[in-house]
Amino acid sequence: MLSKSTHDIAASFSRRGVLAATAGLMLGLASFTGAKAADDTIKVGVLHSLSGTMAISETTLKDTILFLIDEQNKKGGVLGKKLEAVVVDPASNWPLFAEKARELITKDKVSVVFGCWTSVSRKSVLPVFKELNNILFYPVQYEGEESERNVFYTGAAPNQQAIPAVDYLMKEEKVKRWVLAGTDYVYPRTTNKILEAYLKSKGVAQEDIMINYTPFGHSDWQTIVADIKKFGSAGKKTAVVSTINGDANVPFYKELGNQGVKAKDIPVVAFSVGEEELAGIDTKPLVGHLAAWNYFQSIKTPANEKFIKDWQTYTKNPKRVTNDPMEAHVIGFAMWVKAVEKVKSTDPDKVIDALPGIEAPNLTGGVSKMLPNHHITKPVFIGEIKGNGQFDVVWKTPGLVAGDAWSKELDGSKDLIGDWVEKKCGNFNTKTNKCLGSGS
Amino acid sequence: MPANLSARLCSFALSLFLIAFALPAFAGPFEDAVAKFANDDFSDTEEAIGVVAGSGNKLAFPIISALQDGRLMADPDSKKVYVTGADGKSIDAATGEPVASLPDSASAVRLNNRLRRSVDAALGSLTLQSPDLSTRLQAAQSVFKSHEETALEAVDAALAKETNRSVKAALGEARAAILLFKSDATEVEKLEAVATLKARGDQEALALLTGMGDQPASVTKAAASAIGSIQSSLAVWSTVQNAWYGLSLGSVLLLAAIGLAITFGVMGVINMAHGEMVMIGAYTTFVVQEVIRTRYPGLFDYSLLIAVPLAFLVAGAIGVLIERSIIRFLYGRPLETLLATWGLSLVLQQAVRTMFGPTNREVGNPSWMSGAFELGQITITYNRLWILLFTLAVFAILLAMLRYTALGLEMRAVTQNRRMAASMGIATSRVDALTFGLGSGIAGIAGVALSQIDNVSPNLGQSYIIDSFMVVVFGGVGNLWGTLVGAFTLGIANKFLEPVAGAVLGKIAILVLIILFIQKRPRGLFALKGRAVEA
């Protein structure tokens, strides 16, 4: 539309003035058409890697948002306008995430962005969202220790995944000895720090905790699996808590299966292994190993069954699986729509203020609520891997668990809270009654 | 083996069914316990397992083994429980009466890990006197693992009748494990138990001895010396194990690098798309397995044998195509080759991503590639063993090819002195294309093997490219033997460093060592001498 009208106007000018005139007009028109487009549709940014290492996980989330937008538009859109997705590809390249975020907000004028997977990508876009004052919905379980005004965390905080999983192992499996195995980056390191503090507070001795880090994409797990077996032969029930990242899991589980480490002897509970990851492995040797999530595809509720059916119809793939971060996007998207409809505007400031308190049904039968610290309430499930690549829920929390932005287990953060409703602060110290502000 | 075993258990179960049918049913604690399976509550199920296993009822074994295999069906509405046989016919679990069909609401009784252990323990004591040898052995081992006092009587009874030596030994160990934890066992019995476990001398024995809790002073002392001797023997074994892991890692490095040793080492092309050839080989395996799964499921165990030549052809053909269309214009311009092949690697990755999707593809392990066997106190997994043998075979064939075939001779001639070779009538550009194709084809073969231990995803190749270059440069460019020695040296060094320094630091240390080594010997371990170096 832009090029056509430019062309019409330009045609009425004499040839000599065309260049200068078009240049000037372009500037004026650009802002004009930008505003006009915003009147027609509401733009939603999708910031997920479609190429590179993280494409394996993030491509599904891009499809999820497109699916949700499609469904919403069928219902008539939001505020009487259609939603329009703007998809960019940050290519698993962390600095590129920031560039693409800037592009989405300044050039495409999106009202909200759904995106990021790794914590480092989230940290990379944070300054952009703060500076340009826009909204990011972040759908992945993460290490916590953060509460930002412009970010809404719909994935699990450590107290909504890691801590309940450890509780389950202590109570149900009577585990006394712990291997904390993770990939060497910020999420596993922080989670393990929290878990170590938590275990020690429960009376677990230092020598009963083994912490092990491996590089990204580690593929030779022979030594580590042998170490785990050795560590597990100290006469105490042993379990592995795995924060091993996506790709490295397949060879890890294959090695466990081959070396005969059975779930009934040494169970492995994973925080990053879901239905998508299992789709690439033969799960028969893994039956009984565990995962902790806020959602499993196998959970039987009418909402979930409808979602799976619609999703598989939308993707035209009757075998396409669903997973936890997808559900987080479902909840986040519904919350954003409700907030926008409540304030009758897509203005980020108004939506940010309206979001806390908004409730949206999750797919497992409960109603999740956005909290003042920009995290949400979620149920926690422990699932056992089944032979068909799905999970069988063996335990769940009695109710919904509120996400803690700041871990209560760590000395540095146990007094902090995030509260964007009353205190207007992401790191408020309840002891000193002071907001630490963005400087720390 | 598990499939085998469960088949045997089934036949055993079936024979017990027949006995069971002849018995009249009676109401009592057994029936009450069976009904508990229908509650879908893990604690109730655990209680039911204990009562059923200890009931002496003929149905106990079929019920527990059905529970293990997920064939125990329960109807939550009527609280009725059914055993479905391997043949699909069902009986009422409480009475043994055959039933025509199961109600729709019936579903398999669920288990968790704790229950699986109880089931194993219960099955263990129920099958100690099974007519089948491997079932007995398995049973003795699961009693050893669970070492519950209640099984002692069954173990003693089985020991009295047992004639097979290895089963007898396993039963003896199971008995020792039980006695060690039995509070009212005599000191003599316990000392004997410690001696038996010391003789067993593996990690599980160590686990029992360290975890045995309060014992009489003499037992504690004997246990301490047993622990010491087991630990020192395990320490020796762990060195052997590290060496084996090193060989295995070395074989993977060699396999990934061997194609590069030709394209980079022999031809001098800095081939950043080498990893993608590996990936293409892995995807070829996936496609072969898909076809086999849908059309000829019986051939699954041969899927890798079929995939090897295909992967060689596919990757080799792509290699020839790349050489003809891109690389031949860039000979002697290493920087441009580097950029072009790197770009190419991105194109290939994205092409595969578009065709097969970004997620991992499942490449199954044939039965002969799964599992492990024990050699002394170390575990050797079949997939690693086969990959090691396969790598050595590929290496030998390649070496023979370069040495004894006409093409090999031409390749060596062209890489050593192109102009001279051309003057002798060798079509150098044809040889270039074939050499590059050979290197790519071998990378494709590597992909078949790597699909067995790693993710089959578009990123597969990226994780091997750095390691491959490292091996070739370290071993000495242009020398296949150097690549072999380099790969195994790096593998073993890595595996001995890893337990000390951790996987991350270990990897860093290796890189630093290589950098230092290259400073000292820039041409790698086995430097080529003579005129070829200048070329």
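The written sequence of each chain sets the order in which its residues are numbered from 1. Each chain gets a letter, beginning with A, and each ligand a number, beginning with 1, in the order they are written. Whole-chain, interface and lining totals are the exception, using all residues; otherwise, since this is a predicted model, local features are given only for residues with pLDDT of at least 70 and side-chain atom pairs are given and counted only at 80 or more.

**Some details on the overall build of chain B**
Each helix is a run of H or I in the DSSP string that is no shorter than four residues. Each strand is a run of E no shorter than two, and both are numbered from the N terminus. Check the secondary structure of chain B and you find 21 helices and 7 strands. Relative to the globule expectation of 24 Å for 535 residues, the C-alpha radius of gyration of chain B, 31 Å, shows a markedly less compact shape. C-alpha atoms of chain B, sized along the principal axes, occupy 95 × 60 × 35 Å. Within the span of chain B, comprising 535 residues, buried residues form 47% of the whole. A residue pair is marked as a contact if its C-beta atoms, positioned from the backbone, fall within 7 Å. Across chain B, the fraction of contacts at a sequence separation of at least 24, relative to all contacts at a separation of at least 6, is 70%. It is over C-alpha atoms that the radius of gyration is taken, and the globule rule equals 2.2 Å times the number of residues to the power 0.38. Residue burial is a threshold on neighbouring C-beta atoms within 10 Å of the residue's own C-beta, all placed from the backbone, with 20 or more meaning buried, 12 or fewer meaning exposed, and counts in between meaning partly exposed.

**Here we look at the overall build of chain A**
Counting its regular elements, chain A contains 13 helices and 19 strands. Rg of the C-alpha trace for chain A: 24 Å, near the compact-globule value of 22 Å for 440 residues, within the 12% margin. Within chain A, buried positions represent 54% of all 440 residues.

**A short note on the UniProt feature "transmembrane region" (unreviewed entry) in chain B**
Residues and elements named next belong to chain B. UniProt positions are given in the numbering used here, feature names are shortened, and annotations may be inferred rather than shown by experiment. Within the UniProt annotation, "transmembrane region" (unreviewed entry) is assigned to residues 243–270, 302–322, 334–352, 385–406, 427–449, 469–493 and 500–518. Helix makes up 84% of residues 469–493 and strand 0%, with an end-to-end C-alpha separation of 17 Å. Annotation note: span residues 500–518, helix share 100%, strand share 0%, distance between end C-alpha atoms 24 Å.

**Some thoughts on the interface of chain B and chain A**
Listed by partner, the interface residues are 47 residues for chain B and 46 residues for chain A. Elements represented by at least two residues in the side of chain B that touches chain A include exactly helix 5 (113–126), helix 10 (203–210), helix 11 (217–266), helix 14 (334–356), strand 7 (378–381) and helix 20 (480–520) of chain B. It is helix 20 of chain B that contributes the most residues to the side of chain B that touches chain A, 7 residues altogether. When grouped by side-chain class, the residues that make up the side of chain B that touches chain A number 12 nonpolar, 22 polar and 13 charged. All amino acids are sorted into three groups, where Ala, Val, Leu, Ile, Met, Phe, Trp, Tyr, Cys and Pro are nonpolar, Asp, Glu, Lys and Arg are charged, and the leftover types, Gly among them, are polar.

**Some words on helix 14 of chain B**
The periodicity of an α-helix, 3.6 residues per turn, causes residues three or four positions apart to be oriented the same way. To estimate the expected span of a helix, subtract one from its residue number and multiply by 1.5 Å. Counted at 1.5 Å a residue, the expected span for helix 14 of chain B with its 23 residues is 33 Å, and the 32 Å between its end C-alpha atoms agrees. Among all positions in helix 14 of chain B, only T337(B), A340(B), T341(B), S345(B), L348(B), Q349(B), V352(B) and R353(B) are buried. For helix 14 of chain B, the elements touching its buried residues are helix 3 (55–74) of chain A together with helix 12 (274–295) of chain B. Positive backbone phi, at 85°, marks G357(B), one or two positions downstream of helix 14 of chain B.

**Quick look at the pairing of strand 1 (residues 72–75) of chain B**
All names here are of chain B. Direction of pairing for strand 1 relative to strand 2 (residues 80–84): antiparallel, over a ladder of 4 bridges. Bridge pairing in strand 2 places A74 opposite V81. Two strands pair under a simple rule: DSSP has to find at least two bridges between them. Connecting strand 1 to the next strand, strand 2, in antiparallel fashion are 4 residues, including K79 with a positive phi near 60°. In this structure, strand 1 lies alongside strand 5 (residues 107–108), joined through 2 bridges in antiparallel fashion. Within strand 5, the position partnered with A74 by the bridge is S107.

**So, the sheet that holds strand 18 (residues 425–429) of chain A**
Residues and elements named next belong to chain A. Overall, antiparallel pairing links the 3 strands, which are arranged 17-18-19 in an open sheet. If you trace the sheet from one side to the other, it starts and ends with strand 17 (416–419) and strand 19 (434–435), each paired once. Here strand 17 runs beside strand 18; their pairing, made up of 3 bridges, is antiparallel. Across the sheet, the residue bridging to L416 is N429, located in strand 18.

**Structural notes on the packing of helix 13 (residues 303–325) of chain B against helix 18 (residues 428–450) of chain B**
Residue and element names in this part refer to chain B. Lines are fitted to the C-alpha atoms to define the axes, a helix being fitted only along its stretch in contact, and any angle between axes, read from their N-to-C directions, falls within 0 to 180 degrees. The contact between helix 13 and helix 18 brings their axes to 6 Å, and the two run at 145°. Between helix 13 and helix 18 the crossing geometry is right-handed. A class-by-class count of the residues in the contact of helix 13 with helix 18 yields 15 nonpolar, 8 polar and 3 charged. Crossing chirality is assigned from the near helix's rotation relative to the far helix, an anticlockwise turn below a right angle marking it left-handed and a clockwise turn marking it right-handed.

**Re the pairing of strand 2 of chain B**
Residues and elements named next belong to chain B. Within strand 2, 5 of the 5 residues are buried, leaving the element largely enclosed by the surrounding structure. Burial of strand 2 is two-sided: the residues K80, Y82 and T84 facing one way and the residues V81 and V83 facing the other way are all buried. Bridging between strand 2 and strand 3 (residues 90–92) involves 3 bridges; their strand directions are antiparallel. Of the residues in strand 3, the one forming a bridge with V83 is I91. Linking two consecutive strands that pair antiparallel, namely strand 2 and strand 3, is a turn of 5 residues; a positive phi of about 90° is found at G88 within it.

**Thoughts on the sheet that holds strand 2 of chain B**
Across the sheet, 5 strands lie side by side as 4-3-2-1-5 (chain B); this open sheet has antiparallel pairing. Every other strand in the sheet has two partners, leaving strand 4 (98–99) and strand 5 of chain B as the edge strands with one partner each.

**Here we look at the environment of H48(A)**
Residues and elements named next belong to chain A. You can see H48 is positioned in the loop between strand 1 (41–47) and helix 3. Once the C-alpha coordinates of H48 and P356 are considered, the two residues, 308 residues apart in sequence, prove to be 25 Å apart. When sequence neighbours within four positions are dropped, the list of residues in contact with H48 reads E58, T59, L61, K62, G115 and W117.

**Let's talk about the packing of helix 11 of chain B against helix 12 of chain B**
Helix-helix packing is described using two parameters, namely the angle between the two axes and the distance between the axes. Residues and elements named next belong to chain B. The N-to-C vectors of helix 11 and helix 12 enclose an angle of 130°; their axes lie 10 Å apart at closest approach. Looking at the two axes, helix 11 sits oblique to helix 12. Both helix 11 and helix 12 take part in a crossing whose hand is right-handed. Contact with helix 11, carried on its side by A256, G259, L260 and T263, involves H274, M277 and V278 of helix 12 and no other residues of that element. The residue makeup of the contact of helix 11 with helix 12, split by class, is 4 nonpolar, 3 polar and no charged. Orientation is classified from the angle alone, with under 35 degrees giving roughly parallel, over 145 giving roughly antiparallel, 65 to 115 giving roughly perpendicular, and any other angle giving oblique.

**Describing helix 8 (residues 165–181) of chain B**
Residues and elements named next belong to chain B. Between its terminal C-alpha atoms helix 8 stretches 25 Å, which fits the 24 Å expected from 17 residues at 1.5 Å a residue. Burial analysis of helix 8 places 12 of its 17 residues in the buried class, the great majority of the element. Of the residues making up helix 8, those classed as buried are V167, A170, L171, G172, E173, A174, R175, A176, A177, I178, L179 and L180. Residues of helix 8 that are buried make contact with helix 6 (133–146), helix 7 (152–161), helix 9 (187–200) and helix 10.

**Quick look at the confidence of the model for chain A**
pLDDT expresses, on a scale from 0 to 100, how confident the predictor is about each individual residue. Per-chain confidence: chain A averages 87 in pLDDT, with 90% of residues scoring 70 or above. pLDDT under 50 marks residues 1–38 of chain A. Its contacts with residues more than four places away, or in other chains, come to 16 contacts.

**Quick word on the confidence of the model for chain B**
Reading fine detail from the predicted coordinates is not recommended where pLDDT is low. Residues and elements named next belong to chain B. Residue-level pLDDT values for chain B average 86, and 93% of them are 70 or greater. The least confident element of chain B, judged by mean pLDDT, is helix 21 (residues 531–534) at 47; the most confident is helix 13 at 95. Of the regions scoring below 50 in pLDDT, residues 16–25 engages in 14 contacts with residues more than four places distant in sequence or in other chains. Throughout residues 531–535 the model reports pLDDT below 50, and contacts reaching past four residues in sequence, or to other chains, amount to 3 contacts. The ipTM, which scores confidence in the relative placement of chains, is 0.79 for this predicted complex, and the corresponding pTM is 0.81.

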